[in-house]
Amino acid sequence: MADLIFFSGTMDCGKSTLALQMDHNNSTRGRQGLIFTKLDRMGDSVLSSRLGLSTPAIEVHDDLDFWDEIVERLTSGARIDYLICDEAQFYTPLQVEQLARVVDEMGIDVTAFGITADFRTELFPGSRRLIELADRVQLLQVEALCWCGRKATHNARIVDGVMVVEGEQVVVGDTAAASAGLVEYEVLCRRHYMRRMNSHAARAAAVSPDVLPFDLDVCPVPPPA
């Protein structure tokens, strides 16, 4: 029986790497599938991992109908045993419902991978619908780490080295070292997310530039907006 499975977690926890591994495992067993992604860090129509691995993929635009796409391919003679859907947090709720229909009515396995919550700690619409509809929701076992060494649980948006909690939900950025004028993302533990203390701010507050502060007095709670 086919399943809709959602693997979720923060950035840097290995979602895309696992997606690539699962596609490899399926294809080496003679199964045939399709890979979908949206707004990958390397550009359109590619699924990439921060480990340097990548593979071609079908770019998911807002007007893509998964049901129509799969029906068209099947009626053209293609064989489809499974779908790998990366960056699923960016899919529309309707597209998630289409994936569920593909599972239920076509018997095709769908495995989705995505970030659960955005930089404001609010659920992405696609992730919310996956949580509501998936046969199984599974957290990634590889833990991303905050700059302090604790488990990272939140995704932070950094602009000019400063963490922000307002703005558009989807803004494509990078996870490299801070550069002026660029939007970046960093994973933080809850403590430092709540204190708006990303690694750049922590280094600025440290007595020595080589030492990050662990004293909470150095990381005060910001006043209510």
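Residues numbered from 1 in each chain as written. Predicted model: local features only at pLDDT ≥ 70, side-chain atom pairs only at ≥ 80, totals over all residues. Heavy atoms only, no water.

A. Structural detail: the overall build of the protein. The secondary structure content of the protein amounts to 6 helices and 11 strands. Sorting the 225 residues of the protein into buried and exposed places 44% on the buried side. Per element, the accessible surface of the protein, about 11,700 Å² overall, is 52% carbon and sulfur. (Helix = DSSP H or I, 4+ residues; strand = E, 2+ residues; numbered from the N terminus. Buried < 20%, exposed > 50% of the residue type's maximum accessible area, 1.4 Å probe, protein only. Areas by Shrake-Rupley, 256 points an atom, 1.4 Å probe, with all protein chains shown as cover.)

B. Just helix 4 (residues 125-133), in detail. Within the sequence span of helix 4, burial applies to Gly126, Ser127 and Leu130. Axial view of helix 4: buried residues confined to an arc of 95 degrees, hence all on one face. Where helix 4 is buried, its residues contact strand 1 (4-9), helix 3 (93-106), strand 7 (109-115) and strand 8 (136-139). (Arc of directions from axis to C-beta. Contact = heavy atoms within 4.5 Å.)

C. Molecular detail of a nonpolar patch on the surface. Where nonpolar side chains cluster on the molecular surface, the patch consists of Leu123, Ile131 and Val137 and spans about 210 Å² of accessible area. Following the sequence through the fold, Leu123 ends up in the loop between strand 7 and helix 4. A relative accessible area of 32% means that Leu123 is categorised as partly exposed. (Patch = residues over 30% accessible without salt bridge, like charges linked within 9 Å, V, L, I, M, F, W, Y side chains within 5 Å. Salt bridge = Lys/Arg side-chain N within 4 Å of Asp/Glu carboxyl O.)

D. Here's a closer look at the pattern of salt bridges. Here the structure, examined in full by the defined rule, presents 9 salt bridges. Put simply, Asp81 and Arg79 hold a salt bridge, and the shortest N to O gap is 2.9 Å. Take Arg79: its relative accessible area is 43%, and that puts it in the partly exposed class. Linking Arg129 and Glu132 is a salt bridge whose minimum nitrogen-to-oxygen distance equals 2.7 Å. Of this pair, Arg129 and Glu132 both sit in helix 4, 3 residues apart, which is roughly one turn of the helix. On the basis of relative accessible area, Arg129 is assigned to the partly exposed category, the value being 23%. With relative accessibility at 48%, the residue Glu132 sits in the partly exposed group.

E. Region of interest: the packing of helix 2 (residues 66-75) against helix 3. It is at 8 Å that the axes of helix 2 and helix 3 come closest, and there the two elements cross at 40 degrees. Viewed along their axes, helix 2 and helix 3 adopt a mutual orientation that is oblique. From helix 2, Phe66, Trp67, Ile70, Val71 and Leu74 reach across to helix 3, where they touch Gln95, Gln98, Leu99, Arg101, Val102, Glu105 and Met106. Across the contact of helix 2 with helix 3, the residue classes tally to 8 nonpolar, 2 polar and 2 charged. (Axes fitted to C-alpha atoms, helices over the stretch in contact; angles between N-to-C directions. Parallel < 35°, antiparallel > 145°, perpendicular 65-115°, else oblique. Nonpolar A, V, L, I, M, F, W, Y, C, P; charged D, E, K, R; others polar.)

F. Expanded view of the pairing of strand 9 (residues 154-159). The element strand 9 is largely enclosed, with a buried count of 5 among its 6 residues. Note that strand 9 and strand 10 (residues 162-164) share 3 bridges and pair antiparallel. Note that in strand 10 the partner of Ile158 across the bridge is Met163. Remark: 2 residues form the turn of the hairpin made by strand 9 and strand 10, two consecutive strands paired antiparallel; Asp160 in that turn has positive phi of roughly 55 degrees. (Pairing = 2+ DSSP bridges.)

G. Summary view of the packing of aromatic side chains. In this structure the tally under the stated criterion is 4 aromatic pairs. Relative to Phe113, the ring of Phe7 has its centre 5.4 Å away and its plane inclined at 10 degrees; by these criteria the two rings are stacked. Taken together, the positions of Phe7 in strand 1 and Phe113 in strand 7 put the pair 106 residues apart, joining distant regions of the chain. Grouping residues by exposure puts Phe7 and Phe113 together as buried. (Phe/Tyr/Trp six-rings, centres within 6.5 Å; stacked < 30°, edge-to-face > 60°.)

Everything listed here is a matter of geometry and, on its own, says nothing about what the molecule does.
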